[in-house]
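Descriptive analysis of the structure
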Amino acid sequence: MSSLSDFELSRRGMMVGTAIATTIPSLADAASPASIAETHTASVSFEVNGEPRQLELDARTTLLDALREHLHLTGTKKGCDHGQCGACTVIVDGRRINSCLTLAVMHEGAKVTTIEGLGAPGHLHPMQAAFVKHDGYQCGYCTPGQICSAVAVLDEIKAGIPSHVTADLMGAIEPTNMEMRERMSGNICRCGAYSNIAEAMAEVAGERA
Amino acid sequence: MRPFTYERATSAGDAAARVARTPGAKFIAGGTNLLDLMKIEVETPAHLIDVNGLGLDRIEPTAEGGLRIGALVRNTDLAADKRVRRDYALLSRALVAGASGQLRNKATTAGNLLQRTRCPYFYDTNQPCNKRQPGSGCAAIGGYSRPLGVIGVSEACIATHPSDMAIAMRALDALVETVRADGSIRTIPIVDLHTLPGTTPHIETTLGKGEFITAVTLPRPIDGTHIYHKVRDRASYAFALVSVGAIVRKDGGGRIAIGGIAPKPWRVEAAEAEMPRGAKAVASRLLAGATPTRENAFKLTLVERTLDAVLAQARA
Amino acid sequence: MKFDTPATTNPIDRLRVVGKATDRIEGPLKTTGTAHYAYERHDVVANPAYGFVVGAAIAKGRITALDLAAAKAAPGVLAIVTADTAGKLGKGDFNTARLLGGPEIEHYHQAIAVVVAETFEQARAAAALVRVEYAREKGAFDLAALRDSAPLAPGGGFNGSPETRVGDFEGAFAAAPVTLDATYSTPVQSHAMMEPHASMAVWDGDRLTIYTSNQMIAWGKGDVAKTLGLKPEQVRLVSPYIGGGFGGKLFVRSDALMAALGARAAGRPVKVALTRPLMFNNTTHRPATIQRIRLGATKDGKLTAIAHESWSGNLPGGDPETAVGQTRLLYAGANRMTAMRLAVLDLPEGNAMRAPGEAPGMMALEIAIDEMAEKLGMDPVEFRIRNDTQVDPEKPERPFSQRQFIRCLREGAERFGWARRAAKPGSVRDGRWMVGMGMAAGFRNHIPFKSAARVRLERDGRIVVETDMTDIGTGSYTIIAQTAAETMGVPLDRVEVRLGDSAFPVSCGSGGQFGAVNSTSGVYAACLKLRDAVAQKLGINSSDALFADGHVKAGNRSVDLTEAAREGPLTGEDGIEYGDLGKKYQQSTFAGHFVEAAVDAATGEIRVRRMLAVCAAGRILNPKSARSQVIGAMTMGVGAALMEELAVDTRFGFFVNHDLAGYEVPVHADIPHQEVIFLDEVDPMTSPMKAKGVGELGICGVGAAVANAVYNATGVRVRDYPVTLDKHLDRLPTLA
């Protein structure tokens, strides 16, 4: 039933000129100098890993950059800065979010938990220990985001929040392999440790059950 | 990202008035789409009004037996709401088919409706794009168009609306409540919210300047099997190549809305009359007048085959 | 240490530490976010400025006007460097295109400026104010259109021979009773490592330190020096943690150069990370290929004629994708031919990505073998076994050092339940899913590469290893610690490993799955030197000394190792160099890849259900991290088979889907439990470690195993990767 029509051919697509002078502005429209002449700052207070923090920030500063560049909590990673990889996952007021896609100033009064707040070398969180035991990481760059997500995922399952693979929307949800894999899919691991991460999570989920 | 001034809204009406009168002002709620686009200067607001504190985060029953969903209800909370899961399973299913857990924890109901296309040329400010820069041309036509639209598109733009949730909302005939800059309120049937590109692809909705979505109302629940079937290359965390949102009654009739193929949730009420006759009949009505490219013509076949699977699932 | 005779029994053979499944020693740091990557070195530089790279908006042409006024006037801006102001720059030995373009533009998103400002937000905003006018020139962007005119590729180095011939291929092919002549294609792929290319540059007078993310420290140091006109000794690279590379960080990229130029101009340390949307076109990629494979066989399945030709494209001066290499070695057959042709393309720079050559080459070859088995009516496992060879088919006097290929296939078939596979495609259903099984050979060569290290016995008894080897997720820290612990006879936790610093002895670096065996061999050599020093200090004849349990034993005497360092640390420094065993013996790794895939009968969606790899790769130094290497490669192989493709806009000459939403790589939901089996093997021809690599073996062949499983499920053969639903949808069975 494909009806590839003449339409495509007749449509006015972009004709690429050759050897012609082309001006390509790097922006959709020129910024007037007035609009960029100053940096607007704002202050925000929130709690990070149990500690109150107050920051005076360029309003453009994402929660991610506030953590990494201002608080030097570099465990939270910048993989894509566009919500496409999950390396920046932190837990804010009990929910995991992409810290790259939210402004720090939007989190007045929030409670933020980063990977550093879960555990430290020498006293690992059970999920961190399970990742080590099951080798649920390789290069380590996506790992803090994976672990923050994994911790939150088990809570989400417990709270009865459904996922794409939940068979019965009204029934209880079990931490099955497919449930965990679906819910972890916002955390990309290019090294490909997925199979091991699933095992680490299963171990922690089993202990909690 | 350009500098902007930032303030927190005190009321919906005030926010609407301020956005209308402040040059370059925009609302920010979840921020998951706006900040994404601000970082690459596709969006360049000079002023942001943070509406997160407005308390529009409740889901309440309506007198008509439906549900009123606050504009700021997060996608996760909407999908998990017991009444939604029970009575509007299609909506729950569509929500959890979209994005990732992290994004759904942030993204709001109104923001989801208003998210912008994922056309890769829209995202690249070096490329012509009539949606981003009116009159500059459409690089997607004749370019990489596999993920793009096949129907409702125009010679100026073949972008699709990327939302999963909106497909369910369209099938459910949701109503969008807004407050306008002058303080008046109105209700927009979802069918009238999104516009087709025509010669003005930069205009995507019928909302006026400053007009602010406060809630989305679902009419009374609709009997039938609720199915949201999303088709994509990777198993999760991907936009739909094609998605089918359907409510199928026992008699074989019902409602169907399609995602991944058009600039707005694609529903043709006349096609629903064909449901008892099967997927082929429905698809040929739904897709009449489609103008795919060479790269995305497969979506026509895919819509029919996905529909077929959905109808079979409903029968089973 | 010169390794030129086969290894005999040595201290590694004790296998008290080496060969044991061992948690990564840096695990607690990585899992708590306390391992610091290049952009995060707050510990060494307090207040760096931020650099933001501007990429070219055209693929080919010239900058005709550059207006920096608005950007310079923007808040916080400290400096802007362009080709006009960078001073004279050279080009690194390992770069094809220049890292800073202008006025001539060689590819889309080639860096043309770095804007340095007080904050990241200011640098990013100012970078968007750089106004550029271009004269666009016509470029070549379409590989398929250039196929017929592409000349033979240059040979030498990693390229091998552009054309090889043994016997009379054409005659044998014409005479063969059963033949296959099929053409396959693989798309442009991207490394898409999770950590973007990032560097922080610090000048101290005319000396430059770059904290960076780089797989090959010595190459990088040399190329930074060459590009900036410095002497190598003026440059230091530091790269202890690398957030993935996969070949994309083998070379110095624009982040490092822009940080260095920006820091010089701003007069203070500058850090630069490439933004994700810039990475895909600014850096390197795995080039697309078109591959024609012709096979001729007797009716009973003996290959008599094998030809593999490959076409790829690259910038002028670039190299081909060496997709035919494995076909020279994998199967027997008297009449053979390979050829590589290379078109000039004005797309971004093509270069190595995980298993360059074999990864895409095996994707094509192993479908062809599957197709040929079907033509012959043979089981694909049996067909491969029938055409096994124990010698280099081009040089029969040259045996493989180890070749357990048949065992990989047989054990794999047994473990996977291959016998249950329905030979007739499209015949197994599981509800709405069509189900199939597929397999493929895995093959990747071992590459000997010299590698050095320094090992120190500290006063407190710790063993400190220093080498410029890198750990890109491969597990280098741990296997190096295991090697030192084994050789020095101490527990693992007494070893400290320091990597990725050009102040340390030059190693093989990380690439080509050559890292593990060569770097540990270098550490082993250095440990032997340290043992000599210890023995001498303790007055023990080195050849009598037994290093075990933290003691040095000789005859009845047993001395705590720490005693030797009581008056001060002892150091051993050495490296491994190789003789011609690699010429006398073909050294390769083998695998059998097995996959079960399901295809939605309605939508054509493909999901992988089971995966197994059986690998023969010499001694496995750390079965835990080696297994992870293999499953990671299998995962990337699933991506290559089913979703990964950088889409080329052949009008404008760039990769369109240049972010992680557009360029899809596998997510958790795509990857089932994966099983890996390592066959017992020690290969004394490779090194004193008797090991080979595994990090790339896992990706070589797995894509074809997926494609073959999909074919077995559907009966529709797709020869153009990635195998996406649109390519078989209209040929799937009609619905009821």
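Residues numbered from 1 in each chain as written. Chains lettered and ligands numbered in written order. Predicted model: local features only at pLDDT ≥ 70, side-chain atom pairs only at ≥ 80, totals over all residues. Heavy atoms only, no water.

Moving on, we come to the overall build of chain C. Looking only at helices and strands, chain C features 16 helices and 32 strands. Relative to a compact globule of 736 residues, whose C-alpha radius of gyration would be 27 Å, chain C shows 27 Å and is just as compact. The dimensions of chain C, computed from C-alpha atoms along their principal axes, are 80 × 75 × 50 Å. Looking at the 736 residues of chain C, the share that counts as buried comes to 69%. Sequence separation of at least 24 residues holds for 81% of the intrachain contacts in chain C that already meet a minimum separation of 6. In the structure as shown, chain C presents an accessible area of about 22400 Å², 50% of it carried by carbon and sulfur atoms. (Helix = DSSP H or I, 4+ residues; strand = E, 2+ residues; numbered from the N terminus. Rg over C-alpha atoms; globule rule 2.2 N^0.38 Å. Buried < 20%, exposed > 50% of the residue type's maximum accessible area, 1.4 Å probe, protein only. Contact = heavy atoms within 4.5 Å. Areas by Shrake-Rupley, 256 points an atom, 1.4 Å probe, with all protein chains shown as cover.)

Where charged atoms of side chains with opposite charge meet at close range, the side chains can pair. Under the definition given, this model contains 88 salt bridges over all chains. Lys77 of chain A is the salt-bridge partner of Glu40 of chain C, the closest N and O atoms lying 2.9 Å from each other. Taken together, the residues Glu40 of chain C in the loop between α1 (27-32) and β2 (49-55) and Lys77 of chain A in the loop between α3 (63-70) and β4 (89-92) connect one chain to another. Lys77 of chain A gets classed as buried once you look at its relative accessible area, which sits at 1%. We note a salt bridge from Arg277 of chain B to Glu274 of chain B, for which the minimum N-O separation is 2.4 Å. Here the salt bridges do not stand alone but share partners, grouping Arg454, Arg456, Glu458, Asp460, Arg462, Glu466, Glu496, Arg498 and Glu573 of chain C into one network. (Salt bridge = Lys/Arg side-chain N within 4 Å of Asp/Glu carboxyl O.)

Opposite the 80 residues of chain C that make contact, chain A presents 71 residues. A buried area of about 6100 Å², summed over both sides, lies between chain C and chain A, and 56% of it is on carbon and sulfur atoms. Ranking the residues of chain C by area buried against chain A places Thr31, Met194 and His668 of chain C at the top, with a combined share of 14%. Between the two partners, chain C and chain A, sit five salt bridges. The interface formed by chain C and chain A holds 33 residue pairs in polar contact (both at pLDDT 80 or more) in total. If you list the elements that add at least two residues to the side of chain C that touches chain A, you get α1, α3 (120-127), β7 (131-136), α8 (276-282) and α15 (623-642) of chain C. (Buried area = accessible area lost by both parts, 1.4 Å probe. Polar contact = N/O pair within 3.5 Å; in protein donor to acceptor, adjacent residues only side chain to side chain.)

Let's shift gears to the side chain of Thr31 of chain C. Looking at the secondary structure, you find Thr31 of chain C in helix α1. The buried category is assigned to Thr31 of chain C, whose relative accessible area is 0%. Separated by 2.8 Å, the side chain of Thr31 of chain C and the backbone oxygen of Gly27 of chain C make a polar contact. Those residues in contact with Thr31 of chain C that lie beyond four places of it in its chain are Ile115, Leu124, Gln128, Phe131, Val132, Tyr137, Thr143 and Ile147 of chain A.

Before going further, it helps to spend a moment on the domain arrangement of chain A. All names here are of chain A. We note that the domain assignment places domain 1 (37-118) and domain 2 (120-209) within chain A. The straight-line distance from the C-alpha centre of domain 1 to that of domain 2 is 22 Å. Across the contact, 16 residues belong to domain 1 and 18 residues belong to domain 2. In this assembly, domain 1 packs against domain 2 so that about 1400 Å² is buried in total across both faces, 58% of it on carbon and sulfur atoms. Counting every contact that joins domain 1 to domain 2 gives one salt bridge. (Domains from an automatic or database assignment.)

Residue and element names in this part refer to chain C. Packing of α15 against helix α16 (residues 702-714) leaves a shortest axis separation of 8 Å and a crossing angle of 50°. Judged by the inter-axis angle, α15 sits oblique to α16. In the packing of α15 onto α16, the handedness of the crossing is right-handed. Facing Ala633, Met634, Gly637, Val638, Ala641 and Leu642 of α15, the residues of α16 in contact are Val702, Gly703 and Val706. Class assignment of the residues belonging to the contact of α15 with α16 gives a composition of seven nonpolar, two polar and no charged. (Axes fitted to C-alpha atoms, helices over the stretch in contact; angles between N-to-C directions. Parallel < 35°, antiparallel > 145°, perpendicular 65-115°, else oblique. Left-handed = near helix turned anticlockwise from the far one by under 90°. Nonpolar A, V, L, I, M, F, W, Y, C, P; charged D, E, K, R; others polar.)

Further remarks concern the domain arrangement of chain C. Residues and elements named next belong to chain C. Looking at the assigned domains, one finds that chain C contains domain 1 (2-35 + 449-577), domain 2 (39-136 + 210-272) and domain 3 (379-446 + 579-736). Placing a centre on the C-alpha atoms of domain 1 and another on those of domain 3 gives a separation of 34 Å. Taken residue by residue, the interface counts 36 residues in domain 1 and 29 residues in domain 3. Between domain 1 and domain 3 the total buried area reaches about 2400 Å² when both faces are included, carbon and sulfur atoms providing 58% of it.

The next point concerns the interface of chain B and chain C. Every contact between the two is made by 35 residues of chain B and, on the other side, 41 residues of chain C. Between chain B and chain C the total buried area reaches about 2900 Å² when both faces are included, carbon and sulfur atoms providing 56% of it. At the boundary of chain B with chain C, the tally comes to one salt bridge. A salt bridge links Arg146 of chain B to Asp726 of chain C, with the shortest nitrogen-to-oxygen separation between them at 2.8 Å. At the boundary of chain B with chain C, the tally comes to 17 residue pairs in polar contact (both at pLDDT 80 or more). Of all elements in the fold, only β9 (225-231) and α11 (298-315) of chain B reach the threshold of two or more residues within the side of chain B that touches chain C. It is α11 of chain B that provides the largest number of residues to the side of chain B that touches chain C, a total of seven residues. For the side of chain B that touches chain C, the class distribution of residues is 16 nonpolar, eight polar and eleven charged.

With that settled, the discussion passes to the nonpolar core. Nonpolar side chains in soluble globular proteins tend to end up buried together. One finds Ile261 of chain B together with Ile463 and Val534 of chain C to be the most contacted residues of the largest nonpolar core, which totals 281 residues. With eleven residues, the top contributor of residues to this core is helix α9 (residues 358-376) of chain C. Among the nonpolar cores identified, the runner-up in size contains 50 residues, and Ala29, Leu56, Val84 and Ile167 of chain B belong to it. (Core = buried A, V, L, I, M, F, W, Y, C linked by side-chain atoms within 4.5 Å.)

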